[in-house]
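Residues per chain, in single letters:
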Amino acid sequence: MKTARIIPCLDVDAGRVVKGVNFVDLVDAGDPVELARRYDLEGADEVVFLDITASSDARETILEVARRTAEEVFIPFTIGGGIRTVDDARRLLRAGADKVSVNTAAVDRPELITEIATEFGSQCAVVAIDSKKVDGTTPSGFEVFVHGGRTPTGMDVIEWAIRCEALGAGEILLTSMDRDGTRDGFDVAVTRAVVDAVNIPVIASGGVGTLDHLVDGVTEGGADAVLAASIFHFGEHTVAAAKDHMTAAGIPVRPA
Amino acid sequence: MTAASPRPLVAVLDYGIGNLRSAQKSLERHGADARLTADPAIVRDARAVVLPGVGAFGACMDAVERTGVDALAHEAVEAGTPFLGICVGMQLLFEASEETPGRAGLGILPGTVERIPDGVKHPQMQWNVVDVVRPSPLYDGLDGDIWMYFVHSFAAPMSDMVTATCDYGGPVVASVQRDNVHAAQFHPEKSSTAGLTFVDNFVGLVRARTATAS
């Protein structure tokens, strides 16, 4: 049976969750580990931590997050953000992360994907692709952006995704920068195009505002997993409610 | 044999690959004194041995041999020590794998690890229901649908050792047992409450055996 995964994503800055989270009964709503544990209890299939720490001297804190998460949370978790070398990846995996996600560094030096896959296995080599719709600049009409969506690369999203798979990526985390933060739903067109082009799992990301959007990511986009942040963090919906909604829409998921 | 330890020593064989911390922490959670180690003295002293593994079969076998973990695994199995292989750690127990043709595995269990069925996405990276086909104490207390987390493109062959399967483009081996050797294709240490029960049951076996022996 093929089942879809629901993945809450937490933005972490210097070891703290940045977007406000309003679970009233949490002792420390800014603690990423406490939130991850909550999501585990609610039935989340995985958790993604995106480390947005800018200063390099504070980067040690994400390792501590990984260590504490591995002690307390028994679902898979991925850490992305700021991983530039195999050593960066190794430190996170040894600290307890199951997968690492690379983005800008992989565009700068695609061999990084192969190096991580060779050393630790494809299953832990996630490539995050930030996509923007463009007019005619790339064959598919979707262009890869880096540096948090600020810098265009001239690369085609679909071609890059295919290349990532060939380089050893085990999964694609595809974020539509056009939709991110809009709550208008996934860009199912780019999701579907990437899903059809590669044979590895694709996580749809960016734009979820309703539970129906999660369903659309799977049924229309063909995604293997759906990632969302704000709808879970702000207490609008629980992961359990999202799973009920998926089940009602006929999508097999692990029940909460 | 000394008196039953309240915290049985479990050696999690560390041959330098992947995330072993979750396996260690899940065992500790159930009261085991779990150590990441390839030290022969500690492994020989252990009440149970866990062989984890992620990545490619050939790369893992290279690392297992380089660190001497192959001999320690054989020794533990032959001594009757409760043994648990996880994911690629399960696959390594077999004689070979279609993933790395020509590369010999540990050969503790007979058969060749096979590619999972075509027509479905590789790897299987998802939660799936585990169907218990032969009673195993590791599934004690798990009722209804048992959901476990899988990440793999290869799986053990069908045999009379199989204790559970999952459905992914056809039946895929999820776990096996032969005597003291237990192995799971899924990651119990990543399978939330169901996985923790599975680990708990393994620690329970270790405790029961230690108590009997003392």
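Right, let's walk through the structure included here.

Rules used in this analysis
- Throughout, residues of each chain are indexed from 1 in the direction in which the sequence is written.
- Ligands are numbered from 1 and chains lettered from A, in the order in which they are written.
- Given that this is a predicted model, residues contribute local features only at a pLDDT of at least 70 and side-chain atom pairs are listed and counted only at 80 or more, while totals for whole chains, interfaces and linings are drawn from all residues.
- Hydrogens are left out, water is left out, and the side-chain values use all remaining heavy atoms of the structure.
- A run of H or I in DSSP becomes a helix once it reaches four residues, and a run of E becomes a strand once it reaches two; helices and strands are each numbered from the N terminus.
- In this treatment the radius of gyration is a C-alpha quantity, and the globule benchmark scales as 2.2 Å times the residue count to the 0.38 power.
- Only protein chains enter the area calculation, which uses a 1.4 Å probe; residues under 20% of their type maximum are buried, those over 50% are exposed, and those in between are partly exposed.
- When checking whether two residues touch, look at their non-hydrogen atoms; a contact exists if any pair is within 4.5 Å.
- A quick way to say it: buried area is the sum, across both parts, of accessible area lost when two parts are put together, with a 1.4 Å probe.
- The rule for a salt bridge is simple: a side-chain nitrogen of Lys or Arg has to be within 4 Å of a carboxyl oxygen of Asp or Glu.
- Definition of a polar contact: a pair of N or O atoms within 3.5 Å, with one able to donate and the other able to accept a hydrogen when the atoms are protein atoms, and with sequence-neighbouring residues admitted only if both atoms are side-chain atoms.
- Gly counts as polar in this scheme, as do all residues outside two lists: the nonpolar Ala, Val, Leu, Ile, Met, Phe, Trp, Tyr, Cys and Pro, and the charged Asp, Glu, Lys and Arg.
- In this description, a line fitted to the C-alpha atoms serves as the axis of each element, helices being fitted only across the stretch in contact, and the angle between N-to-C directions of two axes falls anywhere from 0 to 180 degrees.
- The labels follow the angle: roughly parallel below 35 degrees, roughly antiparallel above 145, roughly perpendicular from 65 to 115, and oblique for the rest.
- Rotating anticlockwise by less than a right angle from the far helix to the near helix defines a left-handed crossing, while the corresponding clockwise rotation defines a right-handed one.
- Candidates for patches are residues over 30% relative accessible area with no salt bridge; among them, like charges are joined within 9 Å and nonpolar side chains (Val, Leu, Ile, Met, Phe, Trp, Tyr) within 5 Å.
- Areas reported here follow the Shrake-Rupley algorithm with a probe of radius 1.4 Å; residue values treat only the protein chains shown as occluding.

1. Considerations on the overall build of chain B
Thinking step 1. Assigned secondary structure in chain B consists of 6 helices and 12 strands.
Thinking step 2. A compact globule built from 214 residues should have a C-alpha radius of gyration of about 17 Å, and chain B, at 16 Å, falls within 12% of that.
Thinking step 3. The principal-axis extents of the C-alpha atoms in chain B amount to approximately 55 × 40 × 30 Å.
Thinking step 4. Going through the 214 residues of chain B one by one, you find that 61% of them count as buried.
Thinking step 5. In chain B, the proportion of contacts linking residues at least 24 apart, taken out of those at least 6 apart, comes to 71%.

2. Here we look at the interface of chain B and chain A
Thinking step 1. Of the residues lining the interface, 31 residues belong to chain B; the matching set on chain A comes to 36 residues.
Thinking step 2. With both chains or domains summed, chain B and chain A bury close to 2,700 Å², and 54% of this area falls on carbon and sulfur atoms.
Thinking step 3. Here chain B is connected to chain A by 5 salt bridges.
Thinking step 4. The closest approach of N and O atoms between glutamate 71 of chain A and lysine 25 of chain B, which form a salt bridge, is 4.0 Å.
Thinking step 5. Applying the counting rule to chain B against chain A returns 19 residue pairs in polar contact (both at pLDDT 80 or more).
Thinking step 6. Of all the elements in the fold, those that place two or more residues in the side of chain B that touches chain A are helix 1 (21-29), strand 7 (124-132), strand 8 (146-152) and helix 6 (192-213) of chain B.
Thinking step 7. The residue makeup of the side of chain B that touches chain A, split by class, is 12 nonpolar, 11 polar and 8 charged.

3. Overview of the packing of helix 3 (residues 86-95) of chain A against helix 5 (residues 111-120) of chain A
Residue and element names in this part refer to chain A.
Thinking step 1. Where helix 3 contacts helix 5, the two axes come as close as 10 Å, and the packing angle between them is 40°. Put simply, helix 3 runs oblique to helix 5. Between helix 3 and helix 5 the crossing geometry is right-handed. The residues of helix 5 that touch helix 3, namely those facing Val86, Ala89, Arg90 and Leu93, are Leu112, Glu115, Ile116, Glu119 and Phe120.

4. Notes on a nonpolar patch on the surface
Thinking step 1. A surface patch of nonpolar side chains, amounting to about 210 Å² of accessible area, comprises Val18, Leu50 and Ile52 of chain A.
Thinking step 2. Assignment of secondary structure puts isoleucine 52 of chain A in the loop between strand 3 (47-51) and helix 2 (60-72).

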